[in-house]
Amino acid sequence: MDQDRETAAGREALRRELLAYGAASRTLNEWISGARALALLRAAISSGIFDAARTPSTVGEISAATGVEGPRVADVCLALEAHGVFERDGESYRLSEDYAALASPDALQSLPDLLAKERVLGRALESAASSQDAAFTELTSEDASAMALGVGMRPSSPTARALWASALAGMAPELYGLWEGGARHLEIGCGAANALLSLLATIPRLSAVGVEIDGGAIAIARRRARELGVDDRVELRHADARDLDEEASFDSANWSQQFFPAEGRGEVLAAAWRALKPDGYLLATMFGEPPGSAEALREPTGRSYALDRLAYGGWGVPVLGVEELREQVEGAGFEVLRTVSPPPNPLMVSRGIMLARRPKT
Ligand SMILES: C[S@@+](CC[C@H](N)C(=O)[O-])C[C@H]1O[C@@H](n2cnc3c(N)ncnc32)[C@H](O)[C@@H]1O
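As the structure is a computational prediction, the values presented were derived from the model and not from experiment.

A short note on the packing of helix 9 (residues 158-171) against helix 11 (residues 194-202)
Move 1: Where helix 9 contacts helix 11, the two axes come as close as 9 Å, and the packing angle between them is 90°. Considered as vectors, helix 9 and helix 11 are oriented roughly perpendicular to each other. Touching Arg161, Trp164, Ala165 and Leu168 of helix 9 are Ala195, Ser198, Leu199, Ala201 and Thr202, all from helix 11.

Take a look at the structure:
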């Protein structure tokens, strides 16, 4: 009898332990499932299986289009169907409605570009605690280009262009009005020119110079400028922004400061100050504010902030709050007009803008 009771008590203790372990590992299991699903998506894209299913196709047709053996294709399709990436109709597979929208040529971001950027960020996070990574400006050209393509919305998407233009017109109407009237704009750290080309394609009287330290990114920016038909209004320079030697020749400048390591930021701001005309505008994109409470830290924006600190901080970029950035910009002689933080957009690293001006005298 006693033995039975002991066994029952032991079983109950084991049940409770298992339940507690199950509850504790729930979040971890979600992360693991997400990581596996992303790995599957990468495999589907890199093998061509994803693209082959843009139109309804059988396993045999996908195999013929990609050169992947039929049984492998069948297993990949099954796994993609299980994850809601593919839908099956009889013998054919095709992209699900969601993935067709995410992979459309007009989507706000290119799916492969987004995944490539996340791979670079993931590697930065994995090595974040071991040692100081290379500075952002010392990334391999492949990684710098992947970041440049993936951090913003693509200018070939009409929706992305409209979104970007209306966000800027709302946040900095005086600057937008100036651009519409015809102005010369400087993009400091233009990357693959996501933002710059969107503006040029939307505002016909705007002309610009983009300066980018990475050769791969500037080559992508030049190709995209030609494709969008705005290359006659933009000069894309492969150069260090610190070496800009124009004086008082731009009406406005945008500084993607979230990609500029601590060393050299003062020189970049000094170059921007010289290059702007008196009264010229300086825009700077911003990281979010540090979360104000333990609860806020655990919200999605708080988690993004903490991971940005780790990844970008590892690349030597100071993840500044509004007041710290204001101090730096004012320290370089600018007058800060305002900061605006629209609701967070998971597609953008930027959580807002600072608008400043080079004083008249
Ligand atoms: C990734 S882009 C930022 C986003 C860009 N404005 C857009 O719309 O996509 C920022 C770029 O600044 C560049 N950068 C950093 N330091 C630089 C410097 N000293 N001179 C020129 N470019 C620099 C980086 O290489 C990076 O490509």
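From this point on, the discussion continues.
Some thoughts on the UniProt feature "domain: Methyltransferase" (unreviewed entry) in the protein
Move 1: In the numbering used here, UniProt assigns the feature "domain: Methyltransferase" (unreviewed entry) to residues 186-280.
Move 2: A distance of 11 Å separates the end C-alpha atoms of residues 186-280, which is 36% helix and 27% strand.

A closer look at the pattern of salt bridges
Close approach of charged atoms allows side chains of opposite charge to pair.
Move 1: Evaluation of the coordinates by the stated rule reveals 19 salt bridges.
Move 2: Across the salt bridge formed by Arg16 and Glu12, the nearest N and O atoms sit 3.4 Å from each other. Of the two residues, Arg16 and Glu12 are both situated in helix 1 (residues 2-24); the distance of 4 residues between them amounts to about one turn of the helix.
Move 3: Accessibility expressed as a relative area gives 29% for Glu12, which makes it partly exposed.
Move 4: Salt-bridge contacts for Arg54 lead to Asp51; the nearest nitrogen and oxygen are separated by 2.8 Å.
Move 5: If you follow the salt bridges from partner to partner, you end up with Arg184, Glu235, Arg237 and Glu246 in one network.

A few points about the site of the ligand
Move 1: What surrounds the ligand is a group of 18 residues, the closest being Asn194, Ala195, Glu212, Ala241 and Ser256.
Move 2: Contact between the ligand and Ile213: a nitrogen atom at 3.2 Å from a main-chain N or O atom of the residue.
Move 3: At a separation of 2.8 Å, a nitrogen atom of the ligand approaches a polar backbone atom of Ala241.
Move 4: Protein chains bury 95% of the 590 Å² of accessible surface belonging to the ligand in isolation.
Move 5: Residue composition of the shell around the ligand, grouped by class: 10 nonpolar, 5 polar and 3 charged.

Comments concerning the environment of Ala64
Move 1: Positionally, Ala64 belongs in helix 4 (residues 59-66).
Move 2: Classification of Ala64 by relative accessible area gives exposed; the value is 66%.
Move 3: C-alpha of Ala64 to C-alpha of Asp4: the two residues are 60 residues apart in sequence and 64 Å apart in space.

Thoughts on helix 8 (residues 141-150)
Move 1: Summarising burial for helix 8: 8 of the 10 residues are buried, a large majority.
Move 2: Of all the positions in helix 8, only Asp143, Ala144, Ser145, Ala146, Met147, Ala148, Leu149 and Gly150 are classed as buried.
Move 3: Where the residues of helix 8 are buried, they touch helix 7 (111-126), helix 11, helix 12 (215-228) and helix 15 (300-314).

Some words on the domain arrangement of the protein
Move 1: One can read the domain layout of the protein as domain 1 (2-102) and domain 2 (136-357).
Move 2: Relative to domain 2, the C-alpha centre of domain 1 lies at a distance of 38 Å.

With respect to the sheet that holds strand 7 (residues 250-255)
Move 1: With respect to topology, 7 strands assemble into an open sheet ordered 6-5-4-7-8-10-9, the strand pairing being mixed. Looking at strand neighbours, the two that pair on one side only are strand 6 (234-238) and strand 9 (335-340), the edges of this open sheet. Averaged over all neighbouring strand pairs, the angle between strand axes comes to 15°, with direction disregarded.

With respect to the sheet that holds strand 3 (residues 92-95)
Each strand in a sheet pairs with another by means of backbone hydrogen bonds, the pair being arranged parallel or else antiparallel.
Move 1: Ordered in space as 1-3-2, the 3 strands form an open sheet in which the pairing is antiparallel. The open sheet has two edge strands, strand 1 (57-58) and strand 2 (86-89), and neither has a second partner.
Move 2: Alignment of strand 2 against strand 3, held across 4 bridges, turns out to be antiparallel. Paired with Arg88 across the strands is Tyr93, a residue of strand 3.
Move 3: The sheet strands contacting helix 5 (residues 70-82) are strand 2 and strand 3, and the helix crosses strand 2 at an angle near 110°.

Comments concerning a nonpolar patch on the surface
Move 1: A cluster of nonpolar residues, Leu28, Trp31 and Ile32, forms a patch on the protein surface that exposes about 340 Å² of accessible area.
Move 2: Inspection of the secondary structure assignment puts Trp31 in helix 2 (residues 26-47).
Move 3: Using a relative accessible area of 61% as the deciding quantity, one classes Trp31 as exposed.

A word on the packing of aromatic side chains
Move 1: Scanning all chains against the criterion turns up 8 aromatic pairs.
Move 2: With 6.1 Å between their ring centres and 40° between their planes, Phe86 and Tyr93 make a pair best called tilted.
Move 3: In this structure Phe86 comes out as buried when scored by relative accessible area, which is 2%.
Move 4: Exposure remark for Tyr93: the relative accessible area of 3% places this residue in the buried category.
Move 5: Taken together, a centroid distance of 5.4 Å and an interplanar angle of 70° make the contact between Phe287 and Tyr312 edge-to-face. Of this pair, Phe287 sits in the loop between strand 8 (276-286) and helix 14 (294-297) while Tyr312 sits in helix 15, placing them 25 residues apart in sequence.
Move 6: Residue Phe287 is classed as buried on the basis of its relative accessible area, which comes to 2%.
Move 7: Assessed through its relative accessible area of 1%, Tyr312 is described here as buried.

Definitions and cut-offs
- Residues numbered from 1 in each chain as written.
- Predicted model: local features only at pLDDT ≥ 70, side-chain atom pairs only at ≥ 80, totals over all residues.
- Heavy atoms only, no water.
- Axes fitted to C-alpha atoms, helices over the stretch in contact; angles between N-to-C directions.
- Helix = DSSP H or I, 4+ residues; strand = E, 2+ residues; numbered from the N terminus.
- Parallel < 35°, antiparallel > 145°, perpendicular 65-115°, else oblique.
- Contact = heavy atoms within 4.5 Å.
- UniProt positions renumbered as here; feature names shortened; annotations may be inferred.
- Salt bridge = Lys/Arg side-chain N within 4 Å of Asp/Glu carboxyl O.
- Buried < 20%, exposed > 50% of the residue type's maximum accessible area, 1.4 Å probe, protein only.
- Near = heavy atom within 4 Å.
- Polar contact = N/O pair within 3.5 Å; in protein donor to acceptor, adjacent residues only side chain to side chain.
- Areas by Shrake-Rupley, 256 points an atom, 1.4 Å probe, with all protein chains shown as cover.
- Nonpolar A, V, L, I, M, F, W, Y, C, P; charged D, E, K, R; others polar.
- Domains from an automatic or database assignment.
- Pairing = 2+ DSSP bridges.
- Patch = residues over 30% accessible without salt bridge, like charges linked within 9 Å, V, L, I, M, F, W, Y side chains within 5 Å.
- Phe/Tyr/Trp six-rings, centres within 6.5 Å; stacked < 30°, edge-to-face > 60°.

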